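Here are the chains, one letter per residue:
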Amino acid sequence: MSERKLDGRVAIVTGAAGGLGAESARVLAMHGASVAITDIDLDGAREVAAEIESGGGRAFAVQADVSSEGDVAAMVAAVVDRFGRVDVLYSNAAILSVEQRQRDRDVANMDVEAWDRAMAVNLRGAMLCAKYAIREMLKQKKGSLIFATSGLGAQGDLSLSAYAASKAALMMLSKSIATQYGKEGIRSNALQIGLAPAENAHGSMPPAVIQILRDNHLTPDVGSPRQIADVVAFLASDESSFVTGTTLVADGGFSCHTPSLVAMKALFAQTGAKGM
Ligand SMILES: NC(=O)c1ccc[n+]([C@@H]2O[C@H](COP(=O)([O-])OP(=O)(O)OC[C@H]3O[C@@H](n4cnc5c(N)ncnc54)[C@H](O)[C@@H]3O)[C@@H](O)[C@H]2O)c1
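Since the structure is predicted, the reported quantities are computational estimates derived from the model, not experimental observations.

Is there a simple way to think about the nonpolar core in this case?
It is characteristic of soluble globular proteins that their nonpolar side chains tend to be buried jointly. Ranked by size, the top nonpolar core spans 34 residues in total, and within it L28, V35, I37, Y90, I146, L191 and I228 carry the most contacts. Here this core gets seven residues from one element, more than from any other, and that element is helix α9 (residues 225-236). Leaving out residues up to four positions away in the same chain, L28 has contacts with L6, A11, V13, A33, V35, V232, A233 and A236. Formed by 30 residues, the second largest nonpolar core is a distinct cluster that contains V72, V76, L128 and I134.

Even after reading the chapter, I still don't get the sheet that holds strand β5 (residues 143-150), so can you show me in this structure?
The pairing of strands in a sheet comes from backbone hydrogen bonds and takes either a parallel or an antiparallel form. Pairing is parallel in the open sheet, where seven strands are placed in the order β3-β2-β1-β4-β5-β6-β7. Of all strands in the sheet, those with a lone pairing partner are β3 (58-63) and β7 (247-250), marking the two edges. Averaged over neighbouring strand pairs, the angle between their axes works out to 20° when direction is ignored. Of the strands in this sheet, β1 (10-14), β4 (88-91), β5 and β6 (186-193) are in contact with helix α5 (residues 112-140), which crosses β5 at around 165°. Taken strand by strand, α9 contacts β4, β5, β6 and β7, and its axis lies near 165° from that of β6.

I keep staring at the packing of helix α3 (residues 69-83) against α5 and nothing clicks. Help me out?
Packed helices, taken two at a time, are described by the angle their axes make and the gap between the axes. Relative to each other, α3 and α5 sit at 35°, their axes nearing to 9 Å. Handedness of the α3/α5 crossing: right-handed. Contact residues: α3 offers E69, V72, A73, M75, V76 and V80, while α5 offers L128, C129, K131, Y132, A133 and E136. The residue makeup of the contact of α3 with α5, split by class, is nine nonpolar, no polar and three charged.

What counts and how
All residue numbers here refer to positions counted from 1 along the written sequence of the relevant chain. With pLDDT at 70 or above as the cut-off, local features in this predicted model cover only qualifying residues; side-chain atom pairs require 80 or more to be listed or tallied, and sums for whole chains, interfaces and linings still use all residues. Only hydrogens and water are set aside when side-chain values are computed; all heavy atoms of the structure are taken into account. Only buried Ala, Val, Leu, Ile, Met, Phe, Trp, Tyr and Cys residues count toward a nonpolar core, and they belong to the same one when joined by side-chain atoms within 4.5 Å. A simple rule labels every residue: compare its accessible area, found with a 1.4 Å probe on the protein chains alone, to the largest value its type can have, and call it buried under 20%, exposed over 50%, or partly exposed in between. Each helix corresponds to a stretch of at least 4 residues labelled H or I by DSSP, and each strand to a stretch of at least 2 residues labelled E; elements are numbered beginning at the N terminus. Contact definition: two residues touch when any of their heavy atoms are within 4.5 Å. Pairing between two strands requires that DSSP report at least two bridges joining them. Axis lines are fitted through C-alpha atoms, for helices just across the contact stretch, and the angle between N-to-C directions can take any value from 0 to 180 degrees. Note on convention: the crossing is left-handed when the near helix lies turned anticlockwise from the far helix by less than a right angle, right-handed when the turn is clockwise. Gly falls in the polar group here, along with every residue not listed as nonpolar (Ala, Val, Leu, Ile, Met, Phe, Trp, Tyr, Cys, Pro) or charged (Asp, Glu, Lys, Arg).

Below, the structure written as structure tokens:
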């Protein structure tokens, strides 16, 4: 993969104070982009921006609650004031706090406030950031929008119903944008992310759970933030200039195989039969 494929570009990464957003911001900066590190957590955003700057990159932190139209409009204005333009929006922010996860359950037990919060941050937030970023991109007739989605937006699960619905809707929002602004040089894609926990998140998942998930990957292991960030950089750059309106799946093959694969493998191992 070529280095510095984003020289001269300006990227906004939302939810970039930690996790996958911070790693994506680092990789976009490594490829030469000036990066706005946006988050509701200003201290965290400042730390990431300072780290990028101390490594020779260009970054600045700007606080915004993406669910607030006023915050988002001010954030994009601050980015334009600082860096002059907007070329890339990586809409990565999502509400994933422990409290939110505990309330966003199966539908019969759904906490309606948690539902509304998920929609406000994950979906309305992404739309608002797109609304203001597209207005800037139209000025130069070029831009790339990327929406962080999840396997849970494409496959059913036992809990996190609001999160899942918000991620599924983002895939459609991305297609609407691709359709509406494609002729004006603006591309839009969803990135369906598989399990790619930040190092500090591994500890919060029981090893038995990680093992079940690992067994369902076709790759040797679950993903890493860097593997996701590399795909973000691809979608942000001209290397993906013919890719728009799609959902790119980066999940180590987790969602592509038959649901019975792991159980079949176990059965073959038990009986000594050769399944493949
Ligand atoms: N990590 C994974 O394995 C994984 C898997 C599938 C999808 N994803 C997606 O990737 C993205 C990042 O996930 P992560 O694991 O790094 O999560 P994370 O919780 O570590 O990061 C989310 C960031 O969003 C910020 N945020 C929350 N509410 C906000 C608001 N209202 N305004 C602005 N910022 C806000 C948080 O402060 C945090 O920095 C999410 O969209 C998530 O759905 C992650």
